Amino acid sequence: MEDGYSQTLRDLLAQTPLTTDAWVQCDSCQVWRRVPNFVALKLGEHEQWFCHKNFHQEFSTCDDPQELLDDEIDVLMKAQEKEQKRKQAEEIGRKILEEDEEDEREKLGVKSEKGGDDDEKKTKKEKDGASGWRKKKNSNDSDDSNDSDDDTMMCKPIENAHVWSRVSRNIFKHREPRKLTEDDIMVCNCAIDPETGSGCEEECVNRLVLTECDPKFCPCSTACKNQRFSRKKFKELEVKRSSKKGHGLFSEENIKPGEFVLEYVGEVLHEEAYEERKRQYAREKRRHFYFMTLSSSETIDATERGGVGRFLNHSCDPNCETQKWMVKGELCIGVFALREIQPGEEITIDYKFERYGEKPMRCFCDTAACCGWIGGAKAAREAEKYANDSEDDDEEKIHLEDETPVMLECDEDQIVKEEKEARVQHEQEKGGSFRRSESKKLKDEEKKWRPPEEQKAYDRAKKAREKKYENEEKQRLKAEKRSVPSFGGGGGGGGGG
C-alpha cells in the first residue's frame, strides 16, 4: 500500500472478511459517513440522511470529522468491489464443480443423499454473499451487472428492522403544521366545578365534536380536562412479547371505559411519499407495518420513528378504538378504551385496514369473534386461495422469533432541523408550475388599477417584499458557501428518511 494512507484505512482493509459497510453523505454538513450496508440499501433517491442517524456514535454529529479522506474511501470501495467479484467468481466455480459432480454421479447411477441440504446451503450462501455499497453519484462505474446486483440486494429482508426511534409528536416534512387564528378557535362555555375543581368534563361541547380546548382561550384555564393530547396524559403502558402476535402493548394500570390511552404518532406522509414508503418496505421484505390513515391525503408511518402506539396489535374483539381529534388545528389520532381494561391486559384495536400485499394477513387474537384473518369475512374468503400455502404454516413461528425491539430517543432539535430542510426540498421538487402560477398572479395584481393612495401603499409593500427576498437570497448564498466541503473529491450524496 502507498504511504500516506491513514491507519484507519489500513485496519479496514486488513479485516477478514472485508467490511461491506457503505458510505452516505449527510445532507446537512455534506460529510461522508460509513454506515451498515442495509442503511444505504433502504434509502430512496430523494430521501435525506443526517449524521445523527449514524450507528457509529463517534461519527454521529456534524461536528465530528470524516472518518476517511475521499481518496481513501475510493480505495476502500475498489477493494470491496474486487472482493465482491472474487466471491462471485468463487460461487460460479463452485456451482460448475457441483454440476460436474452431479453429472458424474448420474453417470455412475449414484443418487445424491444430501440434495435437499445442498440446495438449502446453496440458497443460504447466495444470500450471505458480498453486499454492495451506496456509491457516490459522480461515480464513473456504470456497469449494467452492478445494477442488476443492486436490484437483487434491494430484495433482501431488511436488517435491524427491530430498531426504532421514539418521538413524542407527529413529524411534518412536507408542510408546516397548521395554525389556528382566533376566529377559528372553538371556545366552550364550561365552568369550573366548585366541588372537584375541574372543568370541561364529559359535557364539554368541544369534547362532543372531538375537538381539544385551546389553553389560551378555554374559560376553565388550567383546570380544563379536555387537553389530554397537548398535555400528553397517556396511560402507563409496557411493551412486551404477546405470544403468537410478536410484541404488543400492555396496560400497567386500570383503565375505565372512554378514557384516553395514548396518541398514535409518527412521520406524517403525503400521498406520494406514502406510496413510495410502501414500495420501499416491500423491497425490504418487512413483515410488520405501522401505517395509520390520518386523512384522505395523509398517513402516519411509525415504522422507524413513532410512539409506543406502533405496538398496538389487532383484535377481532378489541378493548380500544381510534378516534380522530382536532388539536390546535391539526388532526390527531387518539386511542380510547371501549371497556374496562385490567392491569397486565393487552391494548388492542381493530385495524380495519386494506392489506398492503396480495395475501390476507393471519389473525392470532384467539377471541370468540376471530375468523382467523385480519379484515373479517372478506379476508377469510380471499384466504381460501392460499389454503395450501406453506408460508402460512411458518407465520406463527416467525412472530415468535421476532427480535426484541430496540428503542432509540429522537432529538427534538434535530427533528425540527430535518423538518425545515425537508420542506424546502419538497417545495423545490414540486416543480416550477406552482411558481409560474404565483408569478402570473403577481403580474395580474400589478396591472390592477388602484386609487393613488392605495397604489402608493402597494408600491411600498412591493419594495419591502423585494428587499426581504434580496436579503434572504444573500443569506442563502452565504450558507451555501459555508457548506461547501474543503476537500477535493466527492460529489452527490446519500439520503435517508
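The rules behind these values
- Residues numbered from 1 in each chain as written.
- Predicted model: local features only at pLDDT ≥ 70, side-chain atom pairs only at ≥ 80, totals over all residues.
- Heavy atoms only, no water.
- Core = buried A, V, L, I, M, F, W, Y, C linked by side-chain atoms within 4.5 Å.
- Buried < 20%, exposed > 50% of the residue type's maximum accessible area, 1.4 Å probe, protein only.
- Helix = DSSP H or I, 4+ residues; strand = E, 2+ residues; numbered from the N terminus.
- Contact = heavy atoms within 4.5 Å.
- pLDDT = per-residue confidence, 0-100.
- Pairing = 2+ DSSP bridges.
- Phe/Tyr/Trp six-rings, centres within 6.5 Å; stacked < 30°, edge-to-face > 60°.
- Expected span 1.5 Å × (residues − 1).
- Salt bridge = Lys/Arg side-chain N within 4 Å of Asp/Glu carboxyl O.

Draft legend 1. The nonpolar core, seen in detail. Core analysis: the biggest nonpolar cluster contains 22 residues, and Val261, Tyr264, Leu312, Cys320 and Val335 have the highest contact counts within it. Sorting the residues of this core by element identifies β7 (260-264), β10 (298-306) and β13 (330-337) as the ones contributing at least two each. Non-local contacts of cysteine 320, meaning those with residues more than four positions away in its chain, are made with Val261, Val335, Phe336, Ala337, Leu338, Ile341, Ile347, Thr348 and Ile349. Grouped together as the second largest cluster of nonpolar side chains are 13 residues, Val24, Cys26, Val31 and Phe38 included.

Draft legend 2. Quick peek at the confidence of the model for the chain. Summary statistics for the chain give a mean pLDDT of 77 and a share of 73% for residues scoring 70 or more. Low confidence marks residues 388-392, where pLDDT is under 50. Its contacts with residues over four positions away, or in another chain, come to six contacts. Contacts from residues 484-497, a stretch scored under 50 in pLDDT, to residues over four places away or in other chains number 43 contacts.

Draft legend 3. Fine view of the pairing of strand β6 (residues 247-251). Most of β6 sits inside the fold, with five of its five residues counted as buried. Judged by which residues are buried, β6 turns out to be covered on both faces: His247, Leu249 and Ser251 on one side and Gly248 and Phe250 on the other are all buried. Where strand β5 (residues 237-241) and β6 come together, five bridges link them in antiparallel fashion. If you follow arginine 241 over to β6, its bridge partner there is histidine 247. Linking β5 to β6, which pair antiparallel, is a turn of five residues; within it serine 243 sits at a positive phi near 45°.

Draft legend 4. Layout of unusual backbone geometry. Geometrically, the link from threonine 16 to proline 17 is a cis peptide bond, its omega value of 0° lying close to zero. Mapped onto the elements of the fold, proline 17 is located in the loop between α1 (7-14) and β1 (22-25). You will see that serine 221, though not glycine, has its phi angle at about 50°, which is positive. By the element assignment, serine 221 lies in the loop between α6 (205-208) and β5. Classification of serine 221 as partly exposed rests on a relative accessible area of 40%.

Draft legend 5. The arrangement of the packing of aromatic side chains in detail. Using the criterion set out here, one finds nine aromatic pairs in the structure. Between the aromatic rings of phenylalanine 229 and phenylalanine 336, the centroid separation amounts to 6.5 Å while the plane-to-plane angle is 50°, which identifies the pairing as tilted. Within this pair, whereas phenylalanine 229 is found in the loop between α6 and β5, its partner phenylalanine 336 is found in strand β13, the two being separated by 107 residues in sequence. Summarising the burial analysis for this pair, phenylalanine 229 and phenylalanine 336 share the class buried. Aromatic side chains tyrosine 274 and phenylalanine 291 sit 5.1 Å apart centroid to centroid with 85° between the ring planes, which places their arrangement in the edge-to-face category. Note that tyrosine 274 is positioned in helix α7 (residues 271-283) and phenylalanine 291 in strand β9 (residues 291-293), a separation of 17 residues in sequence. Using a relative accessible area of 13% as the deciding quantity, one classes tyrosine 274 as buried. Look at phenylalanine 291 and you get buried, because its relative accessible area is 11%. Three or more aromatic residues joined by ring pairs make a cluster, and in this case those are Phe229, Phe234, Phe260, Trp325 and Phe336.

Draft legend 6. Structural view of helix α10 (residues 412-429). With 18 residues, α10 ought to run about 26 Å at 1.5 Å a step, and its terminal C-alpha atoms sit 25 Å apart, in line with that. Restricting attention to buried positions, one finds in α10 the residues Gln414, Ile415, Glu418, Glu419, Ala422, Arg423, Gln425 and His426. Residues of α10 that are buried in the fold lie against β4 (171-172), β8 (266-270) and β10.

Draft legend 7. Region of the structure containing the pattern of salt bridges. In this structure the tally under the stated criterion is 27 salt bridges. In this structure, arginine 305 engages glutamate 418 in a salt bridge whose closest nitrogen and oxygen atoms are separated by 3.1 Å. In this pair, arginine 305 sits in strand β10 while glutamate 418 sits in helix α10, placing the two residues 113 residues apart along the sequence. Its relative accessible area of 5% is what places arginine 305 among the buried residues. Through salt bridges with shared partners, a single ionic network connects Lys173, Glu267, Arg277, Asp301, Arg305 and Glu418.

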